[in-house]
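Notes for the structure review
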Amino acid sequence: MDVLDLARAQFAVTGVLHFLFVVLTLGLAPLVAIMQTRHVITGKPVLERMARFWGQIYVINYALGVFTGLVMEFQFGLSWSGLSRYAGDVFGAPLAVETMGAFFLESTFLGLWIFGWGRLPRWLHLACIWLVTLTAYASAYWVLVANSFLQNPAGAEVRGDHLVLTDFGALLTNPTLVFALPHVLGAGLFTGSSVIIGASAYQLFRRTREWEFFVRSLRVGVVGALVGILVTVGFGFAQFGPVGQIQPGKFRGAAVGTSLGFMILIGELALFGVLFVLTPLLFRDWLARWRWIHPLLMLVTPMPFIAAILGWLVREIGRQPWIVYGRLTVKDAMSPGLTPGMITTSFVAFTAVLGLLAVIDYVLIARTVRRGPAAATLGAPGRPDPAASAPALTF
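- Looking at an unreviewed UniProt entry, one finds the protein named Cytochrome ubiquinol oxidase subunit I and attributed to Microtetraspora fusca.
- Quoted straight from UniProt, the Subcellular location (unreviewed entry) entry for the protein says "Cell membrane".
- What UniProt records for the protein under Sequence similarities (unreviewed entry) is the sentence "Belongs to the cytochrome ubiquinol oxidase subunit 1 family."

Below, the structure written as structure tokens:
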């Protein structure tokens, strides 16, 4: 591989690993907020325990995902300084806003939510998790503003040897953005719901003592997956029109066509599964007692992650060889003086760091799921769990 291919592969691998954290964060945040909202309204203890347990998984994923985002930032200066020189005045602005939002607003509200259990008034504490969700969605919006500019450099013109912003409104309403944002948010909701479905099915398969807890969680996951997959598939197909007009060759070619086909197949299979297999679980508790169905539900978990990776590949590979479509090629965007040895070294280092974080994330989440809500520490330091001594159910 030459230096260009190595740099592209490095960004692709690190981008995919980072996005796996992001898509789960975007999905779990609103689901946890909904669980806590229902608790505040109804006062049912099981709903509070659900918010604490799934919120703990959210916090684990969020904390480790922040570090993967930092690695992504390094690459713009390391490998793609040509992009910064040519389009940094436009491309850098939304990324700066996203960084400030994620590191200041979102992290602040999340800290208040984590340490505010039993200390803040319940409505104020509830507002914190909803603000975490809204700021997470705002971060996704600003990242997609920047990415959509690369897909279609709307609102900018060439002056001298670089692009300058001439229409801020056009940048914020880019045609490649308006359908991509709900598509990504729907994918996040589907992903978070699938993790809840798989984890709940795992505990039910083990004949957990927490029957009510995980049946309720399974229902939340099914509803979230149903909404998420409908939004994802709907806005995914809706992008074909405007994107096809801007980038006519995006959905042609063997590599892109194959990835697109797999992504659509996964989406349609998931839609079928949610509509015709999972939906009955909303109305019949006894269906959740069928142990043979639990392994099938566990298989749902990796599907949205695979589809998210394929979707990202379609969006990025489809505009090659441009990094700013029609304006700047990937080759011209590279930093000067890079050698294969330099890129290989950073590639190995970045992949090792992000891969290790992904493994740690998986291990911590799996351990939390295996231990169950009785061992959850979020929001209950030193308090015994009332269900820890509940009798086991036999199916």
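1. Details of the side chain of S346
- Inspection of the secondary structure puts S346 in helix α14 (residues 340–371).
- In contact with S346, other than residues within four places in its own chain, are Q10 and L78.

2. Focus: a nonpolar patch on the surface
- On the surface, a nonpolar cluster with roughly 710 Å² of combined accessible area is contributed by F67, L70, F74, V97, M100, F103 and F104.
- Elements that contribute at least two residues to the nonpolar patch include exactly α2 (45–79) and α3 (81–115).
- Among the elements that line the nonpolar patch, the one with the most residues is α3, at four residues.
- By the element assignment, L70 lies in helix α2.

3. With respect to a positive patch on the surface
- A cluster of basic side chains, namely R206, R367, R370 and R371, defines a positive patch on the protein surface.
- Secondary-structure assignment places R367 in helix α14.
- Here R367 falls in the partly exposed class, since its relative accessible area comes to 36%.

4. Let's talk about the nonpolar core
- M50, W54, Y58 and W113 are the most contacted members of the largest nonpolar core, which has 58 residues in total.
- Looking at this core, the element that brings in the most residues is α2, giving 12 residues.
- Look past the residues within four positions of Y58 in its chain and what remains in contact with it is T25, L28, A29, E106, L110 and V132.
- Of all hydrophobic cores here, the second largest spans 34 residues; its members include L26, A87, F149 and L150.

5. As for the environment of S139
- Positionally, S139 belongs in helix α4 (residues 122–151).
- S139 gets classed as buried once you look at its relative accessible area, which sits at 8%.
- Residues S139 and M100, spaced 39 residues apart in sequence, show a C-alpha to C-alpha distance of 9.1 Å.
- In this view, S139 contacts E98, G101, A102 and E106; residues no more than four positions away in its chain are not counted.

Definitions and limits used
- Residues numbered from 1 in each chain as written.
- Predicted model: local features only at pLDDT ≥ 70, side-chain atom pairs only at ≥ 80, totals over all residues.
- Heavy atoms only, no water.
- UniProt positions renumbered as here; feature names shortened; annotations may be inferred.
- Helix = DSSP H or I, 4+ residues; strand = E, 2+ residues; numbered from the N terminus.
- Contact = heavy atoms within 4.5 Å.
- Patch = residues over 30% accessible without salt bridge, like charges linked within 9 Å, V, L, I, M, F, W, Y side chains within 5 Å.
- Areas by Shrake-Rupley, 256 points an atom, 1.4 Å probe, with all protein chains shown as cover.
- Salt bridge = Lys/Arg side-chain N within 4 Å of Asp/Glu carboxyl O.
- Lys, Arg positive; Asp, Glu negative; His and termini not counted.
- Charge placed at Lys NZ, Arg CZ, Asp CG, Glu CD.
- Buried < 20%, exposed > 50% of the residue type's maximum accessible area, 1.4 Å probe, protein only.
- Core = buried A, V, L, I, M, F, W, Y, C linked by side-chain atoms within 4.5 Å.

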